[in-house]
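Secondary and tertiary structure notes
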Amino acid sequence: MLWPVPAAKLADPDHFRDYYVTNHLPLVMNWPGLLAWRSFDVAATKGEAPYFAVFEGDFADAAAMAAARASPQGQRVAADVASYATGGAVIIHYPVQDGTG
């Protein structure tokens, strides 16, 4: 999940961080089938990043992720996004390929 910069920088980014860490992440951690997660601030190497924050959640497969999102807990997580993400959110799905250089 990617979060655009909150409402054209008019929103309070500290509110986002505080609510996200204190209220939203505890909901996420109860998702059925969630194996691991990574999250937070995004910075561009040059210029401004189009996103403010990122969240990645690992599931056994796409079916496990779909089941988690459809569960009552997943519905609570989705409904809670509007409580802190004034810029909305972009949800993306992708398979993870491990490798070494």
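Below: a short report on this structure. The shown structure was predicted, so the numbers you read here are calculated from the model rather than taken from an experiment.

Cut-offs used in this document
Residues numbered from 1 in each chain as written. Predicted model: local features only at pLDDT ≥ 70, side-chain atom pairs only at ≥ 80, totals over all residues. Heavy atoms only, no water. Helix = DSSP H or I, 4+ residues; strand = E, 2+ residues; numbered from the N terminus. Buried < 20%, exposed > 50% of the residue type's maximum accessible area, 1.4 Å probe, protein only. Areas by Shrake-Rupley, 256 points an atom, 1.4 Å probe, with all protein chains shown as cover. Lys, Arg positive; Asp, Glu negative; His and termini not counted. Charge placed at Lys NZ, Arg CZ, Asp CG, Glu CD. Polar contact = N/O pair within 3.5 Å; in protein donor to acceptor, adjacent residues only side chain to side chain. Contact = heavy atoms within 4.5 Å. Salt bridge = Lys/Arg side-chain N within 4 Å of Asp/Glu carboxyl O. Axes fitted to C-alpha atoms, helices over the stretch in contact; angles between N-to-C directions. Parallel < 35°, antiparallel > 145°, perpendicular 65-115°, else oblique. Left-handed = near helix turned anticlockwise from the far one by under 90°. Nonpolar A, V, L, I, M, F, W, Y, C, P; charged D, E, K, R; others polar. Phe/Tyr/Trp six-rings, centres within 6.5 Å; stacked < 30°, edge-to-face > 60°.

**Here we look at the overall build of the protein chain**
Counting its regular elements, the protein chain contains 3 helices and 3 strands. The order of helices and strands in the protein chain, counted from the N terminus, is β-α-β-β-α-α. Across its three principal directions, the C-alpha atoms of the protein chain cover 40 × 35 × 20 Å. Per-residue burial for the protein chain yields a buried fraction of 27% across its 101 residues. Summed over its atoms, the accessible surface of the protein chain is roughly 6,500 Å², and 58% of this surface lies on carbon and sulfur atoms. Here the protein chain holds 6 positive side-chain charges and 10 negative ones, and the gap between their average locations is 4 Å.

**Some remarks on the side chain of H24**
Tracing the sequence through the fold places H24 in helix α1 (residues 13-28). Accessibility expressed as a relative area gives 3% for H24, which makes it buried. Among the polar contacts made by the side chain of H24, one reaches the side chain of D80 at a distance of 2.8 Å. Engagement of the side chain of H24 in a polar contact is seen with the side chain of Y84, the distance being 3.3 Å. Among residues more than four places away in sequence, those in contact with H24 are Y19, V77, D80, V81 and Y84.

**Here's the deal with the pattern of salt bridges**
For the structure shown, the criterion picks out 3 salt bridges. Note that R17 and D14 form a salt bridge whose closest N and O atoms lie 3.6 Å from each other. Here R17 pairs with D14, and both are found in helix α1, just 3 residues apart, close to one helical turn. The salt bridge involving R38 is made with D58; its shortest N-O contact spans 2.8 Å. In this pair, R38 sits in strand β2 (residues 36-41) while D58 sits in strand β3 (residues 51-58), placing the two residues 20 residues apart along the sequence.

**Some thoughts on the packing of α1 against helix α3 (residues 72-80)**
The N-to-C vectors of α1 and α3 enclose an angle of 160 degrees; their axes lie 9 Å apart at closest approach. Judged by the angle between their axes, α1 and α3 are roughly antiparallel. Here α1 runs over α3; the crossing is left-handed. Side by side, α1 and α3 meet where Y19, N23, H24, L27 and V28 of the first sit next to Q73, R76, V77 and D80 of the second. For the contact of α1 with α3, the residue count by class is 4 nonpolar, 3 polar and 2 charged.

**Let's talk about the packing of aromatic side chains**
Two measures describe an aromatic ring pair: the distance that separates the ring centres and the angle between the ring planes. Under the definition given, this model contains 7 aromatic pairs. A ring pair is formed by W37 and F55, whose centres lie 6.3 Å apart and whose planes are at 20 degrees; its orientation type is stacked. Here F55 lies in strand β3 and W37 lies in strand β2, a separation of 18 residues in the sequence.

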